[in-house]
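Topology and contacts: notes
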Amino acid sequence: MLIVNRFRIVVFLFGLFLSVVSTFVQANVLEGIRVWPSPDETRIVMDVKSEVTFSYFTLSSPNRLVIDLKSTSLHTKLPIKVTDSAIVKQIRASSPPEKGTYRLVIELSKRVSPQLFTLPPTPGGQYGHRLVVDLPNETPKEAQAASNSIAKLKASRDISQLSGNEDIIIAVDPGHGGEDPGSIGPGRRFEKNVTIAVAKKLADLINQVPGMKAILTRSGDYYVSLNKRTEIARKQKAHLLVSIHADAFSSPQPRGASVFVLNTRRANTEIARWVENHEEQSDLLGGAGAVLAKNTSDRNISQTLLDLQFSHSQKEGFTLATDIIKQLSKVAHMHKRKPVNASLAVLKSPDIPSVLVETGFISNPTEERLLFQSSHQNKLARAIATAVVDYFKGNPPEGTLFANRNKTHNYRVQRGDSLSIIAHRFGMSVDDIKKENALKSNMLNIGQILRIPGGHTSIAVPKESSPVETRVITHVVQSGEYLGQIASRYKVSVADIKEENKLKSNTLWIGQKLKITVNLKDRPIRKHTVARGEFLGKIAAKYDVGVSSIRKANHLKSDSLAIGQVLIIPNK
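Anyway, here's the lowdown on the structure attached to this text. Remember, it's a predicted structure, so these values are computed and weren't measured experimentally. (Residues numbered from 1 in each chain as written. Predicted model: local features only at pLDDT ≥ 70, side-chain atom pairs only at ≥ 80, totals over all residues. Heavy atoms only, no water.)

1. Some words on the overall build of the protein chain
Helix and strand counts for the protein chain stand at 16 helices and 22 strands. The buried share of the protein chain, reckoned over its 572 residues, is 41%. Carbon and sulfur atoms make up 53% of the accessible area of the protein chain, which amounts to about 30900 Å² in all. (Helix = DSSP H or I, 4+ residues; strand = E, 2+ residues; numbered from the N terminus. Buried < 20%, exposed > 50% of the residue type's maximum accessible area, 1.4 Å probe, protein only. Areas by Shrake-Rupley, 256 points an atom, 1.4 Å probe, with all protein chains shown as cover.)

Spelled out as structure tokens, the structure:
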């Protein structure tokens, strides 16, 4: 009996030992998987408890990427179906090659070369250990073919279009994105969402200006490396890069916008770095790159050429930054009223003048709310666009419509052109073009040469075609209310309320009446309880809104209403 009990104890201890060893071996945990599709690639980020050891290989027919996570267990849901990626179809689990290993299979639409690497925890604690998988949407051969196709298209356009008609290209760079949220405000709002909103509004305004075209370095919520951002601008032959950000600080007090330019002293250090890599210089300097390629042994020539490029870009960047500050100060509080020098990666392109606009402090509670108001975003975008247009009016690049707006020049008619399209392109009327070319009708032929009269081109940021409707309301101050709270409720600034009511301080008293100009769409949500005898038409008339807007706001499938039903009344 004693021997049997000892045997049981030994078996129990051995089982406990195996359990402890197994737990120790599988100490790592796969806690979550995030997928970030972008136009160029799809990034998959795996959150793991600790730094992971992994191996991987690819399979074909069908195409798959297989990843083995050593000593790792699963603590997230699989499979994950991916519908918005050009390359990834599904992420699932598979039978492991050995005990203690977790095997992931990423199903792909084609065979590509993946890049896998680990990332340590972020200093701010937003993320822990991660395994990152970058999957390009195109194979190297497809990317080269696309590049050749674009080059041919550009060459064709350059031949067919006569000089003086080129667009000024503005690269608009929304900071952060995807895995990188940027700064996070006290209301848990992300900088990356402010930057994309303002950037898209800015790009829309620029695209409405004849002779200008905006390109975005990212158009959605995905990560783009800092080098890739300037690379995108360079490939599109941008004349300027404007990077949009929102500032942050360790305390909530600082507020206001700033504009950053590259620090001159730091730039000289960057020049020395670029001289070390002649291959990179060739890509950066465009036409000057051919000279560098022939003089790779002459460091002085390389230094001089880069120095000239940097000096020009810095000077132009500083001039534009000053113009942007002038316009921003009309619509926002300024943290700094002069350009700020900084060594920021997105500003370090020697061949493209670059500025970085900090739209405000997301770490300031009041300014965080302001940055997420569409009306304020519109003001910021319009101020920046106005400064950019004014800058290029005085500094038009050679061969662009801006440079030739006061000169009569030629245009070759392309497929799909019409007189109205061409007139809009050059910021003039159809009659101006018909008169200059003695045209008796609106008919055009492909390849036909038109004379574009000078002095007619209108270059300005267009006014809003559908201005936001506003209304002055009266707010009666209640017990416990203060200016900041009231401003937040109606999505206006404290300064606007004080100015409209001629207040000299922030002190309010109960029962005080305040006049507040609000955007109708920003008014607090109204609710209506349906009474006996009411119908949609009657309710719509009462609130001066359309029946269809009430249907849409309440997702109504019919016009039938029930007594006591609560309806949301939209603000036009």
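2. A few points about the side chain of glutamate 368
Counting through the fold element by element, glutamate 368 comes out in helix H9 (residues 365–371). A distance of 2.9 Å separates a polar side-chain atom of glutamate 368 from the backbone nitrogen of glycine 187. In this structure, glutamate 368 is in contact with Gly185, Pro186, Gly187, Arg188, Arg189, Phe361 and Ile362, ignoring residues within four places of it in sequence. (Polar contact = N/O pair within 3.5 Å; in protein donor to acceptor, adjacent residues only side chain to side chain. Contact = heavy atoms within 4.5 Å.)

3. Some points on the nonpolar core
As a rule of thumb, nonpolar side chains are buried together in soluble globular proteins. The biggest cluster of nonpolar side chains holds 44 residues, and the ones touching the most others in it are Val242 and Leu328. Elements supplying a minimum of two residues to this core: strand E11 (168–174), helix H3 (191–207), strand E12 (212–216), strand E13 (240–247), strand E14 (258–262), helix H8 (299–328), strand E16 (354–361) and helix H10 (374–394). The dominant element in this core, judged by the number of residues it contributes, is H10, at 10 residues. Here valine 242 is in contact with Ile170, Ala171, Val172, Asp173, Leu202, Val355, Val357, Ile384 and Val388, once residues within four sequence places are set aside. (Core = buried A, V, L, I, M, F, W, Y, C linked by side-chain atoms within 4.5 Å.)

4. So, the sheet that holds strand E15 (residues 340–342)
Strand order across the open sheet formed by six strands is E12-E11-E13-E16-E14-E15, with mixed pairing between neighbours. Looking at which strands have only one partner, the edges of the open sheet turn out to be E12 and E15. In this sheet, adjacent strand axes meet at a mean angle of 30 degrees when their direction is disregarded. Note that E14 and E16 share three bridges and pair antiparallel. Among the inter-strand pairings, serine 258 is bridged to a residue of E16, identified as glutamate 358. Sheet strands in contact with H3 are E11, E12, E13 and E16, and its direction is about 160 degrees off that of E12. Here H10 sits on the sheet and contacts E11, E12, E13 and E16; the angle it forms with E13, its principal contact strand, is near 155 degrees. (Pairing = 2+ DSSP bridges. Axes fitted to C-alpha atoms, helices over the stretch in contact; angles between N-to-C directions.)

5. Considerations on helix H13 (residues 483–490)
Note: α-helices contain 3.6 residues per turn, so residues at a spacing of three or four share the same orientation. Taken as a whole, H13 has its buried residues at Leu483, Ile486, Ala487 and Tyr490. Seen end-on, H13 carries its buried residues on one side only, within an arc spanning 100 degrees. Just downstream of H13, lysine 491 is the residue with a positive phi angle, here 55 degrees. (Arc of directions from axis to C-beta.)

6. As for the pattern of salt bridges
Counted under the stated rule, the structure contains nine salt bridges. Aspartate 40 is paired through a salt bridge with lysine 228; the nearest N and O atoms lie 3.8 Å apart. Pair noted here: aspartate 40 is in the loop between strand E1 (28–37) and strand E2 (41–48) and lysine 228 is in helix H4 (residues 226–235), with a separation of 188 residues, a long-range link. For aspartate 40, a relative accessible area of 44% corresponds to the partly exposed category. (Salt bridge = Lys/Arg side-chain N within 4 Å of Asp/Glu carboxyl O.)

7. Regarding the sheet that holds strand E8 (residues 102–108)
Across a sheet, strands are paired by hydrogen bonds formed along the backbone, either parallel or antiparallel in direction. Spatially, the five strands line up as an open sheet ordered E3-E4-E8-E7-E6, and their pairing is antiparallel. Strands with a single pairing partner mark the edges of an open sheet, and in this sheet they are strand E3 (54–59) and strand E6 (80–81). Note: strand E7 (residues 88–94) against E8, six bridges, orientation antiparallel. When the sheet's bridge partners are listed, isoleucine 91 is paired in E8 with isoleucine 106.

8. Remarks on the packing of aromatic side chains
Counted under the stated rule, the structure contains one aromatic pair. Ring geometry for tyrosine 391 and phenylalanine 392: centres 5.0 Å apart, planes at 75 degrees, overall edge-to-face. The exposure class assigned to tyrosine 391 is buried, which follows from its relative accessible area of 5%. We classify phenylalanine 392 as buried; its relative accessible area is 3%. (Phe/Tyr/Trp six-rings, centres within 6.5 Å; stacked < 30°, edge-to-face > 60°.)

9. Quick look at the environment of glutamine 448
Relative to the elements of secondary structure, glutamine 448 occurs in the loop between helix H12 (430–437) and strand E18 (449–452). Sequence separation between glutamine 448 and arginine 412 is 36 residues; the distance between their C-alpha atoms is 5.6 Å. Among all residues touching glutamine 448, those that are not within four sequence positions of it are Tyr411, Arg412, Val413, Leu439 and Met443. From its side chain, glutamine 448 meets the backbone nitrogen of asparagine 445 in a polar contact 2.9 Å long.

10. Comments concerning the environment of asparagine 519
Tracing the backbone shows asparagine 519 in strand E20 (residues 513–519). Judged by its relative accessible area of 13%, asparagine 519 is buried. Separated by 144 residues in sequence, asparagine 519 and serine 375 have C-alpha atoms that sit 8.4 Å apart.

11. Details of H12
For H12, every residue scored as buried is listed here: Ile433, Lys434 and Asn437. Mapping the buried residues of H12 onto a view down its axis gives an arc of 100 degrees, with all of them on the same face. The exposed residues of H12 that point more than 90 degrees off its buried face are Asp431 and Lys435. For H12, the elements touching its buried residues are helix H11 (419–425) and E18.

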